[in-house]
Amino acid sequence: MKLVHLSPDELDLNGELYRADFDRQYSGSHGTLEYELNLKPIKAIQMEQSETPILVSGFRRFYAAVQQGMTRLPILIYDANKIDPFQLKVSSMDANDHTGLEIAAALRQSAWKLNLNINRLLNSSPNLRNHVDRKAIVAVAGLKQSVIRRIQREGIDVRKAAVLAQLDPPDRAAAIGFSNRPIRLSLSRLRAILVLARDIS
């Protein structure tokens, strides 16, 4: 691992590690963006087959820095020979910076790539293993990536998504559609519908 200062165009944004349906909006918590970047640098990984480091963590700060016209960014570069890139991706996530759905999506992708159990992968991350919504995150991480993306687009939170995860795919698709209605389903109502559906079947 080494700290370097690179221009935004010296980072690879096209790899699988970078692709995620995260909200790009940045909201700093420690003051200026420059201070935030120095406190918590963007993380990238150097792969053997590429000269350009791939962005792994800190994309919100990356976009905010680009929008503010910053030309040099502090980047922590990791060696892919010493840490798996998908392991780095998960271990870089933080409950304060990422939503439950964002964490679930990253776990889903990384567990598949690493051929690891989702709970085991979650336990390997000190920032996530005691997450208040851990059970919900694990339930949602078991869904297909396309389903998680749709849930994110509909603005459903991770706890409701965990209830939806218990439904069969056709019923789940219909239930996700309820989020487009003027009156959104509360978590308790969603659970009640699930119980009723089980009783009927």
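Residues numbered from 1 in each chain as written. Predicted model: local features only at pLDDT ≥ 70, side-chain atom pairs only at ≥ 80, totals over all residues. Heavy atoms only, no water.

A. Broad picture of the overall build of the protein. Across its full length, the protein holds 10 helices and 4 strands. Its helices and strands taken in sequence order, the protein reads β-α-β-β-α-β-α-α-α-α-α-α-α-α from the N to the C terminus. Across the 201 residues that make up the protein, the buried fraction comes to 45%. Put simply, of all contacts in the protein between residues at least 6 apart along the chain, 71% involve residues at least 24 apart. (Helix = DSSP H or I, 4+ residues; strand = E, 2+ residues; numbered from the N terminus. Buried < 20%, exposed > 50% of the residue type's maximum accessible area, 1.4 Å probe, protein only. Contact = heavy atoms within 4.5 Å.)

B. Expanded view of the pattern of salt bridges. Evaluation of the coordinates by the stated rule reveals 3 salt bridges. When the shortest N-O distance is used, the salt bridge between Glu10 and Arg72 registers 3.4 Å. Pair noted here: Glu10 is in the loop between strand S1 (2–6) and helix H1 (33–39) and Arg72 is in the loop between helix H2 (59–67) and strand S4 (73–79), with a separation of 62 residues, a long-range link. For Glu10, a relative accessible area of 33% puts it in the partly exposed group. (Salt bridge = Lys/Arg side-chain N within 4 Å of Asp/Glu carboxyl O.)

C. A look at the environment of Gly69. Along the chain, Gly69 turns up in the loop between H2 and S4. Since its relative accessible area comes to 47%, Gly69 is described here as partly exposed. Once the C-alpha coordinates of Gly69 and Pro8 are considered, the two residues, 61 residues apart in sequence, prove to be 9.8 Å apart.

D. Structural view of the packing of aromatic side chains. A complete count under the given rule lists 2 aromatic pairs for this structure. Measuring from ring centre to ring centre gives 6.5 Å for Phe59 and Tyr63, while their planes differ by 90 degrees; the resulting arrangement is edge-to-face. With Phe59 and Tyr63 both in helix H2, this residue pair falls 4 residues apart, about one helical turn. Ring geometry for Phe62 and Tyr63: centres 5.8 Å apart, planes at 80 degrees, overall edge-to-face. Across the pair, exposure class does not vary: Phe62 and Tyr63 are buried alike. Of the aromatic side chains, those joined through ring pairs into one cluster are Phe59, Phe62 and Tyr63. (Phe/Tyr/Trp six-rings, centres within 6.5 Å; stacked < 30°, edge-to-face > 60°.)

E. Highlighting the packing of helix H7 (residues 145–154) against helix H9 (residues 169–177). Taken N-terminus to C-terminus, the directions of H7 and H9 make an angle of 15 degrees; their axes are 10 Å apart at the nearest point. Viewed along their axes, H7 and H9 adopt a mutual orientation that is roughly parallel. The chirality of how H7 crosses H9 is left-handed. Contacts between H7 and H9 involve Val147, Arg150, Ile151 and Glu154 on the former and, on the latter, Arg172, Ala173, Ile176 and Gly177. By residue class, the composition of the contact of H7 with H9 is 4 nonpolar, 1 polar and 3 charged. (Axes fitted to C-alpha atoms, helices over the stretch in contact; angles between N-to-C directions. Parallel < 35°, antiparallel > 145°, perpendicular 65-115°, else oblique. Left-handed = near helix turned anticlockwise from the far one by under 90°. Nonpolar A, V, L, I, M, F, W, Y, C, P; charged D, E, K, R; others polar.)

F. Main features of H2. Counting buried residues in H2 gives 7 out of 9 residues, a clear majority hidden from the surface. Among the residues of H2, Phe59, Arg60, Arg61, Phe62, Tyr63, Ala64 and Ala65 are the ones counted as buried.

G. Structural view of unusual backbone geometry. With a phi close to 55 degrees, Asn115 is a non-glycine residue in the positive phi region. Mapped onto the elements of the fold, Asn115 is located in the loop between helix H4 (100–114) and helix H5 (118–123). For Asn115, a relative accessible area of 71% puts it in the exposed group.

H. Representation of the nonpolar core. By size, the foremost hydrophobic cluster in this structure holds 31 residues, and its most contacted members are Leu107, Val140, Leu143 and Ile151. If you list the elements that add at least two residues to this core, you get H4, H5, helix H6 (134–141), H7, helix H8 (158–164) and H9. Looking at this core element by element, the count peaks at 7 residues for H4. Look past the residues within four positions of Leu107 in its chain and what remains in contact with it is Val90, Ile118, Leu121, Leu122, Ile137 and Ala141. (Core = buried A, V, L, I, M, F, W, Y, C linked by side-chain atoms within 4.5 Å.)

I. Geometry of the side chain of Asp133. Relative to the helices and strands, Asp133 is located in the loop between H5 and H6. The residues contacting Asp133, other than those within four sequence positions of it, are Val158 and Arg159.

Don't take any of this as a statement about function, it's just geometry.
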